[in-house]
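Structural overview for review
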Amino acid sequence: MDANNVVDLLYWRDIKKTGLVFGASLLLLLSLTIFSIVTVTSYIALALLSMTISFRIYKGVLQAIQKSDDGHPFKAWLEPDITLSQDLVHSYSNTVLNYVNCTVKELRRLFLVDDLVDSLKFAVVMWLLTYVGALFNGLTLLILALVYLFSVPVIYERHQAQIDHYYKLVSTQIKDAFSKVKDKIPYLKRKTE
């Protein structure tokens, strides 16, 4: 799936496909709030297996009645090679490794207070996340993120002018407030490299 397909999915270009993905994802996350991941996985596997077995038996009976030799109904999906090549695995591993290394370096820099301002910002974000964690569990945050992901791009696309206008007003107010605070507290200024 390339980036254009993802964008089309998030902007609801194909309503049936987006609705199916959004509905299935939301149903999965809501199921995980009630049942364990083992139970949800088992029920999904049983549902898929019962559908494929039923379809296979139906096609077998249909072939016996019509005396045709169409073969296995899932032949088109059984024949393609689905093994992962080593090059593909290495390229994804290298990409993940780069992200992990960058994250570890940044966390080291923040926790060992390489830059006081950045470490204080990180501390404030972590402090705010303690309140978020007290209000929501991880699955609730995933559900909210999924709804956000499938609704905000469409809302922004429809009301872009108004949103950009108010965003610019808010961002200038915040920048002005931060600059006033930095002027009053001299040790909060970024160190020059």
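Each remark here, short or long, concerns the structure printed above.
Residues numbered from 1 in each chain as written. Predicted model: local features only at pLDDT ≥ 70, side-chain atom pairs only at ≥ 80, totals over all residues. Heavy atoms only, no water.

**Some thoughts on the pattern of salt bridges**
- For the coordinates displayed, the defined rule picks out five salt bridges.
- The partner of Glu157 in a salt bridge is Arg13, with the nearest N and O atoms 3.3 Å apart. Taken together, the residues Glu157 in helix H7 (residues 138-158) and Arg13 in the loop between helix H1 (3-10) and helix H2 (15-34) connect sequence positions 144 residues apart.
- Relative accessible area serves as the criterion here: at 39%, Glu157 is assigned to the partly exposed category.
- A residue is classified by how much of its surface remains accessible, and Arg13, at 47% relative accessible area, is partly exposed.
- With a shortest N-O distance of 3.9 Å, Glu79 and Lys75 are connected by a salt bridge. (Salt bridge = Lys/Arg side-chain N within 4 Å of Asp/Glu carboxyl O. Helix = DSSP H or I, 4+ residues; strand = E, 2+ residues; numbered from the N terminus. Buried < 20%, exposed > 50% of the residue type's maximum accessible area, 1.4 Å probe, protein only.)

**Focus: the packing of H7 against helix H8 (residues 160-184)**
- Contact geometry of H7 with H8 gives a least axis separation of 5 Å together with a crossing angle of 95°. What the angle tells us is that H7 and H8 run roughly perpendicular. On H8, the residues touching Ile155, Tyr156, Glu157 and Arg158 of H7 are Gln160, Ile163 and Asp164.
- Residue composition of the contact of H7 with H8, grouped by class: three nonpolar, one polar and three charged. (Axes fitted to C-alpha atoms, helices over the stretch in contact; angles between N-to-C directions. Parallel < 35°, antiparallel > 145°, perpendicular 65-115°, else oblique. Contact = heavy atoms within 4.5 Å. Nonpolar A, V, L, I, M, F, W, Y, C, P; charged D, E, K, R; others polar.)

**Side note on the packing of aromatic side chains**
- The tally for this structure, following the rule as stated, stands at eight aromatic pairs.
- Measuring from centroid to centroid gives 5.0 Å for Phe22 and Phe150, while their planes differ by 50°, and the two rings are tilted. Residue Phe22 is found in helix H2, and its partner Phe150 is found in helix H7; the two are separated by 128 residues along the sequence.
- The exposure class assigned to Phe150 is buried, which follows from its relative accessible area of 6%.
- Ring plane angle 90° and centroid distance 5.2 Å describe the contact between Trp127 and Tyr131, whose orientation is recorded as edge-to-face. Of the two residues, Trp127 and Tyr131 are both situated in helix H6 (residues 116-135); the distance of four residues between them amounts to about one turn of the helix. (Phe/Tyr/Trp six-rings, centres within 6.5 Å; stacked < 30°, edge-to-face > 60°.)

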